[in-house]
Amino acid sequence: MNDRLPANFVFPRDFVWGTGTSAYQVEGAWNADGKGESIWDRFSHTPGKVASDENGDVACNQYHRFAEDIELARKLNLNAYRFSIAWPRVQPGGRGAFNEAGMDFYDRKIDALLRAGLEPYITLYHWDLPQELQDIGGWTNREVCKLFADYAAKMVERYGDRVKFWTTFNEPWCTTFLGYAWGIHAPGLKDDKAAAQVAHNLLLAHGLACIAARAAAQQAIELGIVLNLTITEPLHPQNDEDVKKAEAGWRRDCGYYLDPLLRGVYGPGVTDDIAEIEPEDLAIINQPMDYLGINYYMRSVVSNAPIPSPIDGHEYTQMGWEVYAPALRTLLTRIDKDYRDAYLPKIYVTENGAAFEDKLVDGVVDDPRRLNYLATHIEQVGLAIADGVDVQGYFAWSLLDNFEWAEGYARRFGIIYVDFESQERTVKNSGKWLAQVAAANSLQR
Ligand code: FCB
């Protein structure tokens, strides 16, 4: 197996080069023009929940500056732009009346993207549930799944004439574990039983939304989900116990989502923890999808022996995440191998990137470590394509430095630097480099 991509490797024709953002992380304008409160507004306004008690009230103020950001993305030679709709902006209470001013904002944003030659990839849920729906149990309540499907249908009705690519959920794992089991993200619960129900309900909501969105579409749309999947690797590959542990980790973490989504089944034991599950649920979850989005940042390492932290000689980002690019290829080829017999749609890498402590000096942000992170991971995507995996796009996380959830503004993931005081944007050196890669459709090493 080659572990370097040939220098002249060109990505497939029509390969998608984009960046990702999400509404709460960049939009700001948290209560403008009739927007309702979201669980992230409530959570970040509660002292002690977010580092330095920061919040997304203003963030990158993209609500007012989207035209500038889209122009920057265009100049970076990208051909796609992934973003999310803030549900409470378009439907303040999550049910009942829609907010015309909020919907108009996304009309204008979508039109600007299309004018700039950027294909919009919309995520319907990137974590900012209307608070009013949290008040009736949030994702533990099956009623919310149905309301999500209604909202999805409305969005497709409104924007489906211009937007082809629709993602139901971003990283349901994070909502389940960070939000409901460990209390790190909104709504900040620590309730394992609730989390087990939420894990199932999010998949159910995905299925219901796919059905509703397809029924609402006037033109052909493509539907998918974005999962944060990681590959679990043994610390000592020559140790059988470690290898077994890694295999169990893979089956548990990836299988949990891919088995029901792609095969319509849950693995052994999974349903034991789910209090409420109806006989038809798995058939609803198992909707045909047009693409699978994969967010990859780091691998997971397991061992029976203590795992050194950091692992000697390995690099870590500002988040404390290990930099280990080869695992991205392993992940992509493993999914391809394990799920080819099921219905495996095309794949996009929908997030990949790294936070480092950037400095703006004389108008320049030199970020060689991020550039290297992106370059080595894009190389692994190329290798996976050469292995035969149908990867059709790569989205760097993120277009802009933004509000990094519980970590606040101290973690910069952007390929564009944001001065949060002045809101001035500066393309980092990694961004300039990515622009060349996108233009050449090749790493040009
Ligand atoms: C992912 C999220 C995204 C961003 C990155 C760093 O889990 O989807 O919003 O915070 O991590």
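Structure shown above.
About the cut-offs
Here the residue index of a chain counts from 1 through its sequence in written order. In view of the model being predicted, local features appear only for residues whose pLDDT reaches at least 70, and side-chain atom pairs are presented and counted only at 80 or more, with totals across whole chains, interfaces and linings using the full set of residues. Processing note: side-chain calculations cover all non-hydrogen atoms of the structure and skip hydrogens and water entirely. Secondary structure follows DSSP: runs of H or I at least 4 residues long count as helices, runs of E at least 2 residues long count as strands, and numbering of each begins at the N terminus. C-alpha atoms define the radius of gyration in this analysis, and the globule rule sets the expected value at 2.2 Å times the number of residues to the power 0.38. When accessible area is computed with a 1.4 Å probe and restricted to protein chains, residues below 20% of their type maximum are described as buried, those above 50% as exposed, and intermediate ones as partly exposed. We call two residues in contact whenever any of their non-hydrogen atoms come within 4.5 Å of each other. Methods summary: accessible areas were calculated by the Shrake-Rupley approach with a probe of 1.4 Å, and residue burial reflects only the protein chains presented. The cutoff for a nearby residue is simple: one of its non-hydrogen atoms must lie within 4 Å of the molecule or strand. A 3.5 Å cut-off defines polar contacts: any pair of N or O atoms within that distance qualifies, except that in protein one atom must be a possible hydrogen donor and the other a possible acceptor, and neighbouring residues in sequence count only when both atoms are side-chain atoms. Gly falls in the polar group here, along with every residue not listed as nonpolar (Ala, Val, Leu, Ile, Met, Phe, Trp, Tyr, Cys, Pro) or charged (Asp, Glu, Lys, Arg). Think of it this way: DSSP has to see at least two bridges between two strands before they count as a pair. Put simply, a salt bridge is a Lys or Arg side-chain nitrogen that is within 4 Å of an Asp or Glu carboxyl oxygen. In this analysis the local bend is the angle between axes fitted, respectively, to the seven residues ending at and the seven residues starting at the residue. Axes here mean lines fitted to C-alpha atoms, for a helix over just the part in contact, with angles spanning 0 to 180 degrees between N-to-C directions. Only buried residues count toward a nonpolar core, which is a set of Ala, Val, Leu, Ile, Met, Phe, Trp, Tyr and Cys residues joined through side-chain atoms within 4.5 Å.

When helices and strands are counted, the protein chain shows 14 helices and 12 strands. Compactness check: the protein chain gives a C-alpha radius of gyration of 21 Å against a globular reference of 22 Å for 445 residues, within 12% of the reference. Each principal axis of the C-alpha distribution contributes one length, and for the protein chain these read about 55 × 55 × 45 Å. For the protein chain, the residues scored as buried account for 60% of the 445 residues in total. A sequence separation of at least 24 residues applies to 78% of the contacts in the protein chain between residues at least 6 apart. Just so you have it, the protein chain exposes about 17,200 Å², and 50% of that area is on carbon and sulfur atoms.

Let's shift gears to the site of the ligand. Close to the ligand lie Q25, H126, W127, N170, E171, Y297, E351, W397, E404, W405 and F413, which account for all nearby residues. Between the ligand and the protein, one listed contact pairs an oxygen atom with a side-chain N or O atom of H126 at 2.8 Å. In the environment of the ligand, an oxygen atom lies 2.7 Å from a nitrogen or oxygen atom belonging to the side chain of E404. Split into classes, the residues belonging to the shell around the ligand amount to five nonpolar, three polar and three charged.

Another point: the pairing of strand β5 (residues 222-228). Counted residue by residue, β5 has six buried out of seven residues, so it is predominantly covered. Where strand β4 (residues 165-170) lies against β5, four bridges are found, and the strand directions are parallel. Opposite F165, over in β5, you have E222 as the bridge partner. Of the strand pairs in this sheet, β5 and strand β7 (residues 291-295) are connected by five bridges, and their pairing is parallel.

This paragraph deals with the pattern of salt bridges. With the rule as written, the count across this model stands at 38 salt bridges. R158 is paired through a salt bridge with E100; the nearest N and O atoms lie 2.9 Å apart. Of this pair, R158 sits in helix α7 (residues 142-159) while E100 sits in helix α5 (residues 100-115); the two residues are 58 residues apart in sequence, bridging distant segments of the chain. The salt bridge partner of R412 is D401, with a shortest N-O separation of 2.5 Å. Here the residue R412 occupies a position in the loop between β10 (391-397) and β11 (416-419), and D401 occupies one in the loop between β10 and β11, the gap between them amounting to 11 residues. Exposure remark for R412: the relative accessible area of 14% places this residue in the buried category. Among the charged side chains, a network of salt bridges with common partners joins E100, D107, D111, R158, D161 and R162.

Turning our attention to helix α3 (residues 62-75). Maximal helix bending in α3 amounts to about 35 degrees, located at E68. Q62, Y63, F66, D69, I70, L72 and A73 are the residues of α3 that are buried. The inward-facing, buried residues of α3 abut α1 (23-26), β2 (80-84), α4 (87-90), α5, β11 and β12 (424-427). Just beyond α3, the residue with positive phi is N77, at close to 65 degrees.

Here the focus is the sheet that holds β2. Within the closed barrel, the eight strands sit side by side as β1-β2-β3-β4-β5-β7-β9-β10. Their pairing is parallel. Across this sheet, the average inter-strand angle for adjacent strands is 25 degrees, counted without regard to direction. As defined by bridge partners, strand β3 (residues 119-125) adjoins β4 across four bridges and the pair is classed as parallel. Bridge pairing in β4 places Y121 opposite F165. Sheet contacts for α5: β2 and β3; angle to β2, the most-contacted strand, approximately 170 degrees.

Bringing the side chain of D69 into the picture now. Within the secondary structure, D69 sits in helix α3. Within the structure, D69 has its side chain in polar contact with the side chain of Q62 (distance 3.2 Å). Setting aside anything within four residues of it in sequence, one finds D69 in contact with Q62, L399, L400 and R425.

Following the sequence through the fold, V16 ends up in strand β1 (residues 16-20). What makes V16 buried here is its relative accessible area of 11%. C-alpha of V16 to C-alpha of Y348: the two residues are 332 residues apart in sequence and 8.4 Å apart in space.

This part takes up the nonpolar core. Across soluble globular proteins, nonpolar side chains have a tendency to be buried as a group. W40, W139, F148, Y159 and W166 are the most contacted members of the largest nonpolar core, which totals 144 residues. Residue contributions to this core peak at 13 residues, all from helix α9 (residues 192-216). Once you skip the residues sitting within four places of it in the chain, W166 turns out to touch I122, L124, M155, V156, Y159, G160, I221, E222, L223, G224 and Y291. Ranked by size, the runner-up nonpolar core spans seven residues in total, among them V16, A80, Y121 and F395.

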